[in-house]
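One letter stands for each residue in the lines below.
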Amino acid sequence: MNANLEQIKQEIIAGADELHSSKEVYEFRKKYLDGKTGKIGLLMKEMKNIPNDQKAEYGKGVNELKVWALEFIGGLDEKMKAKELQDRYESERIDISLPAEKTEQGNLHPITLIRNQLIDVFAGMGFEIFEGTEIETDYYNFTALNTPQDHPARDMQDTFYLSPEFLLRTQTSAGQIHVMENKKPPIKILSPGKVFRSDDDATHSPMFTQMEGLVVDKGITLCDLQGMLDVFVSKIYGEGTKTRLRPSYFPFTEPSVEVDCSCFECGGQGCKLCKGTGWIEILGAGVVNKKVLENCGIDSDEYSGLAFGIGIERTAMLKYGINNIKLLFESDVRVLKQLND
Ligand code: PHE
C-alpha cells in the first residue's frame with residue numbers, strides 16, 4: 001500500500017513540472033484532491049477493502065499524503081499566481097517618459113468660422129440674430145421684396161421652385177419681411193443661412209450661405225450703412241481696409257449699392273486679387289425700398305431702413321485666397337487644415 005501512496009506522491013511531484021498556469025494548477029488539484037473523483041479521495045474509499053488490522057496505518061498514510069498534497073499544490077498555486085501577476089505588470093507597464101502620441105485636433109469649418117466672426121462683429125454693434133427657413137413662399141422671397149411675378153429682376157436669381165407657391169429661398173432677404181411683419185422698429189437684425197440658386201461654376205454653388213443685415217429706425221441713411229460696413233471690413237479683412245459704394249440695382253432697396261472694399265492684399269496698389277483695380281466687390285446693399293416697408297405695415301414717412309447681404313463663401317474665398325468655391329464643400333481635410341485661424 002505504502003508503495004502506492006509513494007507512487008502518487010512522485011506522480012504529483014513530476015506532474016508539477018508540466019503546469020504553466022493557475023488554471024492548470026486548479027485542474028491538477030482537482031485531479032488529486034477532489035473529494036469524490038480525486039485520486040487521493042478515492043484512496044479513502046478503498047478503506048473498506050483493507051484488512052482491519054491495517055486500516056489505522058493505511059488511514060494515517062492517506063491522510064499524510066493528503067496534507068502533503070494540499071500544501072504542495074497550494075504552494076504551486078501561490079507561485080503560479082504571483083508569476084501571472086508579475087507577467088501582467090510587465091505587459092501593462094507604461095513608460096511615462098515616452099513622448100505622447102500626437103492626437104489630431106478638429107476645428108470649425110471655415111464657413112462656420114466666418115459666420116461666427118461676422119456674428120461677433122455685428123452683435124458688437126447691437127444686432128440680434130433671426131434665422132429664417134430654407135423653404136419659403138414666393139411671396140416672402142420675391143413679391144413682398146418688391147419683385148412681383150414677371151418682374152425682370154426675378155431673372156437675376158435662378159430659382160428652385162418646389163411648387164408654384166413654395167421654393168428654396170434664393171436670398172436671406174426673405175427674412176427681412178418676416179421680421180418687419182412681426183416687430184415694430186427699431187429693428188436691427190442679422191440673418192445668416194443657406195440659400196439656393198441654380199448656378200454652378202468655380203465661384204458659384206447651387207447652395208451657399210448668406211448673412212443678411214437689416215436696420216429700420218427713424219432717420220437711417222446710407223451713411224449709417226457705410227459706417228457699419230467700414231467696421232465690418234476692418235475687423236474681417238484687417239485694420240485700414242476701407243469701403244466704397246457703387247450704384248447698383250435691387251428691387252427691394254432704393255438706392256441700391258454694390259459695396260467694394262480696398263484690396264487687403266496689395267493695399268490698393270493693384271494686384272492679381274483685385275484685378276489691378278485696388279478694389280474688391282464684397283456685397284450688395286441699399287436703403288430699404290419704401291414699398292417694402294409699406295408691404296410690412298411700416299410707415300415709410302416715419303421710418304427708413306438699410307439692408308445688406310454678405311456672401312459667406314465669397315468672404316471666406318477672399319480671406320483665405322481660395323479660387324474655387326467647391327473646395328469649401330468637399331471636406332478635404334488637407335484643405336480644411338490650412339483654413340483655421
Ligand atoms: N439679396 C441680395 C442678393 O442675394 C443681396 C442684398 C441684400 C442686396 C440686401 C441689398 C440688400 O443678391
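Treat the numbers as computed from the prediction; the structure is a model and nothing was measured.

Cut-offs applied
- Residues numbered from 1 in each chain as written.
- Predicted model: local features only at pLDDT ≥ 70, side-chain atom pairs only at ≥ 80, totals over all residues.
- Heavy atoms only, no water.
- Core = buried A, V, L, I, M, F, W, Y, C linked by side-chain atoms within 4.5 Å.
- Buried < 20%, exposed > 50% of the residue type's maximum accessible area, 1.4 Å probe, protein only.
- Helix = DSSP H or I, 4+ residues; strand = E, 2+ residues; numbered from the N terminus.
- Contact = heavy atoms within 4.5 Å.
- Phe/Tyr/Trp six-rings, centres within 6.5 Å; stacked < 30°, edge-to-face > 60°.
- Lys NZ or Arg CZ within 6 Å of the ring centre and 35° of its normal.
- Domains from an automatic or database assignment.
- 1 Å grid on protein atoms, 1.4 Å probe; cavity = no way out; pocket = protein on both sides within 12 Å on 5 of 7 lines; lining within 4 Å.
- Points joined across faces, edges and corners; volume = space filled by probe spheres on them.
- Near = heavy atom within 4 Å.
- Polar contact = N/O pair within 3.5 Å; in protein donor to acceptor, adjacent residues only side chain to side chain.
- Areas by Shrake-Rupley, 256 points an atom, 1.4 Å probe, with all protein chains shown as cover.
- Sits in = over half its atoms within 2 Å of the grid points.
- Nonpolar A, V, L, I, M, F, W, Y, C, P; charged D, E, K, R; others polar.
- Expected span 1.5 Å × (residues − 1).

**Q** When you look at the nonpolar core in this model, what are you seeing that I'm missing?
**A** As a rule of thumb, nonpolar side chains are buried together in soluble globular proteins. Residues Phe232, Ile282, Leu283 and Phe308 are the most contacted members of the largest nonpolar core, which totals 43 residues. Only α5 (110–123), β5 (207–217), α8 (222–237), β7 (253–262), β8 (279–288), β9 (304–311) and α10 (312–320) provide two or more residues apiece to this core. Setting aside residues up to four positions removed in sequence, Phe232 forms contacts with Leu118, Val121, Phe122, Ile282, Leu283 and Ile310. Judged by nonpolar contacts, the second largest core, of 20 residues, contains Met180, Leu214, Val216 and Ile298.

**Q** Can you help me understand the packing of aromatic side chains in this one?
**A** Centre-to-centre distance and the angle between the planes together describe a pair of aromatic rings. Under the counting rule described, the total for this entry stands at nine aromatic pairs. A ring pair is formed by Phe127 and Phe308, whose centres lie 6.2 Å apart and whose planes are at 65 degrees; its orientation type is edge-to-face. With a gap of 181 residues between them, Phe127 in the loop between α5 and β1 (128–129) and Phe308 in strand β9 connect regions that are remote in the sequence. On the basis of relative accessibility, which here comes to 6%, the residue Phe127 falls in the buried class. Judged by its relative accessible area of 1%, Phe308 is buried. An aromatic cluster of at least three residues, connected via ring pairs, comprises Phe122, Phe127, Phe232 and Phe308. Above the plane of the ring of Trp68 lies Lys9, whose end atom (NZ or CZ) is 5.0 Å from the centre.

**Q** I tried to follow the domain arrangement of the chain on my own but got confused; where do I start?
**A** The figure often quoted for interface size is the accessible area lost as the parts come together. Split by domain assignment, the chain resolves into domain 1 (2–92) and domain 2 (110–336). Taking only C-alpha atoms into account, the centre of domain 1 sits 88 Å from that of domain 2.

**Q** Would you take a moment to explain empty space enclosed by the protein for this structure?
**A** A water-sized probe rolled over the atoms picks out the places where empty space is left. Taken as a whole and judged by the stated rule, the model has one cavity of 30 Å³ or more. Its boundaries defined by the atoms lining it, the largest cavity holds a volume of some 50 Å³.

**Q** I tried to follow the site of the ligand on my own but got confused; where do I start?
**A** For the ligand, the set of nearby residues contains 14 residues, the closest of which are Gln171, Ser173, Arg197, Gln210 and Glu212. In this structure, Arg197 approaches the ligand through a side-chain N or O atom, which is 2.7 Å from an oxygen atom. At 2.8 Å, a side-chain N or O of Gln210 approaches an oxygen atom of the ligand. Here the ligand has 320 Å² of accessible area as a free molecule, and 92% of this is covered by the chains. Because more than half of its atoms lie within 2 Å of the grid, the ligand is assigned to the largest pocket. Breaking the shell around the ligand down by element, the ones donating at least two residues are β5, β8 and β9. The element contributing the most residues to the shell around the ligand is β9, with three residues. In terms of residue class, the shell around the ligand is built from five nonpolar, seven polar and two charged.

**Q** What should I look at first to understand helix α4 (residues 52–91) in this one?
**A** Within an α-helix, residues lying three or four positions from one another point in the same direction, as the helix has 3.6 residues per turn. With 40 residues, α4 should cover 58 Å at 1.5 Å per step; its first-to-last C-alpha distance of 58 Å lies within 8% of that length. Those residues of α4 that fall on the buried side of the exposure criterion are Tyr58, Gly59, Gly61, Val62, Leu65, Ala69, Ile73, Leu76, Asp77 and Met80. In this fold, the buried residues of α4 make contact with α1 (2–16), α2 (22–33) and α3 (39–45).

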